[in-house]
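# An overview of the molecular structure
Residue strings, one per chain:
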Amino acid sequence: MTLDGARPSGAVEIQRRGLMLVLSSPSGAGKTTISRRLLEIEPDLVLSISATTRPMRPGEKDGVDYHFVDHPTFDRMVAEKAFLEYAKVFDHQYGTPRAPVEKWLAGGRDVLFDIDWQGTQQLAQAAREDLVSVFILPPSIAALEQRLKTRAQDSAEVVARRMAKAADEMSHWAEYDYIIVNDDLEISIQRVRAVLLAERLKRHRQVGLAEFVKGLREGT
Ligand code: 5GP
């Protein structure tokens, strides 16, 4: 896959391993919007769709936003080691299905994860070399509260609980590789893209380099 999604004809393609791009933030810091936009503009980036036991919200689709599963199904997937990571967030279980991620990485696709700090810690233990973690902070607590209220999909009680949880979630900022304060959406998207491009250039991800350089040295 190419480094920046561009595919000029005749360009040299050096085989590379995909990376796992984790975006975490407290609810309402703009993570979902940033994720959607990245997926639109980065053809080599695919979204990991988590399984969850939480009820579907209005407008959500099974298999698109999440795989909505019941508790016995989730527990069975845990027992079968079908998750790369899983965690309880608020009152519900969330997990990342392992098989599609492993296939994408080996095929040179980058995988985007919208998971919390618990999942990020587990990915760091399981696959540090593949992981690039980004934490998104709101510009102020007032902005965070405003965004949660205007979203209006959750009850007032849920909003209040999420505000309380935000402080807890934000305390994990120092465990991440990159920190972005999301004051301006466009600038934040550019910053995540800059991270993605630089990380794609890391030597250890460009698994086809040895062969390429061999060819250069042999004049082929
Ligand atoms: P929501 O229910 O609002 O969609 O997500 C609640 C929280 O769960 C968010 O912080 C989100 O990042 C996190 N989350 C979603 N999927 C997963 C997952 O597969 N694993 C982990 N660890 N967290 C997840």
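See the structure above.
Okay, so let's go over this structure. (Residues numbered from 1 in each chain as written. Predicted model: local features only at pLDDT ≥ 70, side-chain atom pairs only at ≥ 80, totals over all residues. Heavy atoms only, no water.)

### Focus: the pattern of salt bridges
Summed over the entire model, instances satisfying the criterion amount to 15 salt bridges. The closest approach of N and O atoms between Glu 186 and Arg 37, which form a salt bridge, is 3.0 Å. Remark: Arg 37 occurs in helix α1 (residues 31-41) and Glu 186 occurs in helix α7 (residues 185-200); sequence separation between them is 149 residues. What makes Glu 186 partly exposed here is its relative accessible area of 40%. The partner of Glu 199 in a salt bridge is Arg 205, with the nearest N and O atoms 2.7 Å apart. Arg 205 carries the same exposure label as Glu 199, and that label is buried. Through salt bridges that share partners, Arg 16, Glu 42, Asp 110, Arg 193 and Arg 200 make up one connected network. (Salt bridge = Lys/Arg side-chain N within 4 Å of Asp/Glu carboxyl O. Helix = DSSP H or I, 4+ residues; strand = E, 2+ residues; numbered from the N terminus. Buried < 20%, exposed > 50% of the residue type's maximum accessible area, 1.4 Å probe, protein only.)

### Here we look at the site of the ligand
Around the ligand, a shell composed of 17 residues is seen, among which Ser 50, Arg 54, Tyr 66, Glu 85 and Tyr 94 lie nearest. Between an oxygen atom of the ligand and a main-chain N or O atom of Gly 95, the distance comes to 3.4 Å. Elements supplying a minimum of two residues to the shell around the ligand: β5 (83-89) and β6 (92-97). Here the residues of the shell around the ligand are counted per class, giving six nonpolar, four polar and seven charged. (Near = heavy atom within 4 Å. Polar contact = N/O pair within 3.5 Å; in protein donor to acceptor, adjacent residues only side chain to side chain. Nonpolar A, V, L, I, M, F, W, Y, C, P; charged D, E, K, R; others polar.)

### Structural notes on the nonpolar core
Formed by 38 residues in total, the largest nonpolar core has its most connected members in Met 20, Leu 21, Leu 23, Leu 38, Phe 113 and Leu 123. In terms of residue count, the dominant contributor to this core is strand β8 (residues 131-137) (six residues). Not counting residues up to four positions away in its chain, the partners in contact with Leu 21 are Leu 38, Val 111, Leu 112, Phe 113, Val 132, Val 134, Val 192 and Leu 196. (Core = buried A, V, L, I, M, F, W, Y, C linked by side-chain atoms within 4.5 Å. Contact = heavy atoms within 4.5 Å.)

### A word on the sheet that holds β8
An order of β2-β7-β1-β8-β9 is seen for the five strands of this open sheet, with the pairing classed as parallel. Looking along the sheet, the strands with just one partner apiece sit at the ends: β2 (45-47) and β9 (178-181). Taking each pair of neighbouring strands and ignoring which way they run, the sheet shows an average axis angle of 25 degrees. Looking at chain direction, β2 and strand β7 (residues 110-114) are connected through three bridges and run parallel. Residue pairing in the sheet places Leu 45 in a bridge with Asp 110 of β7. (Pairing = 2+ DSSP bridges. Axes fitted to C-alpha atoms, helices over the stretch in contact; angles between N-to-C directions.)

### Observations regarding unusual backbone geometry
At Lys 81, a position not held by glycine, the phi torsion is positive, near 55 degrees. As for its position among the elements, Lys 81 is in the loop between α2 (71-79) and β5. Judged by relative accessible area, Lys 81 falls into the exposed class, the value being 62%. Not every positive phi belongs to a glycine, and Phe 90 is a case in point at roughly 55 degrees. Note that Phe 90 resides in the loop between β5 and β6. Classification of Phe 90 as partly exposed rests on a relative accessible area of 23%.

### Observations concerning the pairing of β7
In terms of burial, β7 is largely enclosed, as four of its five residues are buried. As paired strands, strand β1 (residues 20-24) and β7 are joined by four bridges and run parallel to one another. When the bridges of β7 are listed, Val 22 appears paired with Phe 113.

### Some remarks on the pairing of β5
β5 sits mainly inside the fold: five of its seven residues count as buried. Taken together, the six bridges between β5 and β6 define a ladder with antiparallel strand orientation. If you follow Val 89 over to β6, its bridge partner there is His 92.

### Regarding the environment of Arg 98
With respect to the secondary-structure elements, Arg 98 resides in helix α3 (residues 98-106). Sequence separation between Arg 98 and Arg 203 is 105 residues; the distance between their C-alpha atoms is 25 Å. Apart from the residues within four sequence positions on either side, Arg 98 is in contact with Lys 81, Ala 82, Phe 83 and Leu 84. A polar side-chain atom of Arg 98 sits 3.1 Å from the main-chain carbonyl oxygen of Lys 81.

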